[in-house]
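Here's the letter readout for the chains.
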Amino acid sequence: SVYRDSIATFLRFNDRLEKCDGLFDARADNLRSFLSRITADLGSVADSLAKRSVGTRYDPATHTFVPGEGNDRGWFDFRADNYFYEALGQVYAYHGLLQAARLDFANVIKVRGLDDIWDRMEAHVAQAAAMSPMIVSNGREDGFLMPDHLAVMAQAVLRARANLTEIRDILDR
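Values in this document were obtained by computation on a predicted structure and should not be read as measured data.

### Brief notes about the overall build of the protein
Turning to step 1, where the next piece is worked out: Looking only at helices and strands, the protein features 6 helices and 2 strands.
Turning to step 2, where the next piece is worked out: Expressed as a percentage of the 173 residues in the protein, the buried residues total 37%.
Turning to step 3, where the next piece is worked out: A fraction of 68% describes how many contacts in the protein between residues 6 or more apart in sequence connect residues 24 or more apart.
Turning to step 4, where the next piece is worked out: Of the roughly 10,700 Å² of accessible surface on the protein, 56% is carried by carbon and sulfur atoms.

### Concerning the environment of His-149
Turning to step 1, where the next piece is worked out: With respect to the secondary-structure elements, His-149 resides in helix H6 (residues 149-172).
Turning to step 2, where the next piece is worked out: His-149 sits 18 residues away from Met-131 along the chain, and the two C-alpha atoms are 8.8 Å apart.

### As for the side chain of Thr-39
Turning to step 1, where the next piece is worked out: Tracing the backbone through its elements, the reader meets Thr-39 in helix H2 (residues 28-53).
Turning to step 2, where the next piece is worked out: Residue class for Thr-39 comes out buried when judged on its relative accessible area of 2%.
Turning to step 3, where the next piece is worked out: Thr-39 has contacts with Arg-161, Leu-164, Thr-165 and Arg-168, leaving out every residue within four places of it along the chain.

### Considerations on empty space enclosed by the protein
Turning to step 1, where the next piece is worked out: According to the stated counting rule, one finds 1 cavity of 30 Å³ or more in the structure shown.
Turning to step 2, where the next piece is worked out: As a volume, the largest cavity reaches approximately 40 Å³.
Turning to step 3, where the next piece is worked out: Around the largest cavity, the lining residues are Leu-42, Val-91, Tyr-94, Val-125, Ala-128, Val-157 and Ala-160.
Turning to step 4, where the next piece is worked out: Mapped by element, the contributors of at least two residues to the lining of the largest cavity are helix H3 (80-104), helix H5 (115-129) and H6.
Turning to step 5, where the next piece is worked out: Of the residues belonging to the lining of the largest cavity, the class tally is 7 nonpolar, no polar and no charged.

### Description of the pattern of salt bridges
Turning to step 1, where the next piece is worked out: Under the criterion given, the structure shown has 5 salt bridges.
Turning to step 2, where the next piece is worked out: With a shortest N-O distance of 2.7 Å, Arg-102 and Asp-119 are connected by a salt bridge. Of this pair, Arg-102 sits in helix H3 while Asp-119 sits in helix H5, and the two are 17 residues apart along the sequence.
Turning to step 3, where the next piece is worked out: Of the residues examined, Asp-119 reaches a relative accessible area of 38% and is grouped as partly exposed.
Turning to step 4, where the next piece is worked out: Glu-122 is paired through a salt bridge with Arg-102; the nearest N and O atoms lie 3.5 Å apart. Pair noted here: Glu-122 is in helix H5 and Arg-102 is in helix H3, with a separation of 20 residues, a long-range link.
Turning to step 5, where the next piece is worked out: Overall, Glu-122 belongs to the buried group, its relative accessible area being 15%.
Turning to step 6, where the next piece is worked out: In the salt-bridge network here, residues are joined through shared partners; they are Arg-102, Asp-115, Asp-119 and Glu-122.

### Details of the nonpolar core
Turning to step 1, where the next piece is worked out: Trp-118 and Met-153 are the most contacted members of the largest nonpolar core, which has 38 residues in total.
Turning to step 2, where the next piece is worked out: Looking at this core, the element that brings in the most residues is H6, giving 10 residues.
Turning to step 3, where the next piece is worked out: Setting aside chain neighbours within four positions, we find Met-153 in contact with Leu-49, Phe-84, Ala-87, Leu-88, Ala-128 and Met-131.

### Overview of a nonpolar patch on the surface
Turning to step 1, where the next piece is worked out: A cluster of nonpolar side chains, Tyr-3, Ile-7, Phe-10 and Leu-11, forms an exposed patch at the surface whose accessible area comes to about 450 Å².
Turning to step 2, where the next piece is worked out: Examined against the element boundaries, Tyr-3 turns out to sit in helix H1 (residues 2-18).
Turning to step 3, where the next piece is worked out: Its relative accessible area of 64% is what places Tyr-3 among the exposed residues.

### Side note on the packing of H5 against H6
Turning to step 1, where the next piece is worked out: At their nearest, the axes of H5 and H6 sit 8 Å apart, and the two run at 160° to each other. It follows that H5 is roughly antiparallel to H6 by the angle criterion. The element H5 and its partner H6 pack so that their crossing is left-handed. Taking contact as the criterion, the partners of Ile-117, Trp-118, Arg-120, Met-121, His-124, Val-125, Gln-127 and Ala-128 in H5 are, on H6, Met-153, Ala-156, Val-157, Arg-159, Ala-160, Asn-163, Leu-164, Glu-166 and Ile-167.
Turning to step 2, where the next piece is worked out: Grouping the amino acids of the contact of H5 with H6 by side-chain chemistry returns 11 nonpolar, 3 polar and 3 charged.

Analysis parameters
Residues numbered from 1 in each chain as written. Predicted model: local features only at pLDDT ≥ 70, side-chain atom pairs only at ≥ 80, totals over all residues. Heavy atoms only, no water. Helix = DSSP H or I, 4+ residues; strand = E, 2+ residues; numbered from the N terminus. Buried < 20%, exposed > 50% of the residue type's maximum accessible area, 1.4 Å probe, protein only. Contact = heavy atoms within 4.5 Å. Areas by Shrake-Rupley, 256 points an atom, 1.4 Å probe, with all protein chains shown as cover. 1 Å grid on protein atoms, 1.4 Å probe; cavity = no way out; pocket = protein on both sides within 12 Å on 5 of 7 lines; lining within 4 Å. Points joined across faces, edges and corners; volume = space filled by probe spheres on them. Nonpolar A, V, L, I, M, F, W, Y, C, P; charged D, E, K, R; others polar. Salt bridge = Lys/Arg side-chain N within 4 Å of Asp/Glu carboxyl O. Core = buried A, V, L, I, M, F, W, Y, C linked by side-chain atoms within 4.5 Å. Patch = residues over 30% accessible without salt bridge, like charges linked within 9 Å, V, L, I, M, F, W, Y side chains within 5 Å. Axes fitted to C-alpha atoms, helices over the stretch in contact; angles between N-to-C directions. Parallel < 35°, antiparallel > 145°, perpendicular 65-115°, else oblique. Left-handed = near helix turned anticlockwise from the far one by under 90°.

Structural data, given as structure tokens:
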């Protein structure tokens, strides 16, 4: 019921915006708040991908490699595609949202000189959103026959997250 009520509220707000009766305040602090939520969410995405893709990890206490939280089973990790496509869906959605935010906050982006870093961030999000392996593999990071698509996706997400953090830092000044 909350979801249905939210849809109705959202549609009323959009109608008011179309009639120029609604207020959309494209200020730097609103953009920073919006980007903070996305940054936190992308951090969670990258963390879940990274945890699943780590078959072994170095233990500094024993100076040995020990089993990690994930695995290196390559094509035989039958849940790797669940992690991959969940992340892909989130990144794809954020790509569209960030493109729209660029238009909505165009003045803030121009005044603060964020064009170049926004371009880099958008390129990293697009790179992650464009991944389309025939079979999702969760192999070793240096694997030849069974690559680690989860780690590659996590790296692209982390690069985009780093750019978002940099944009937030600039907006804080």
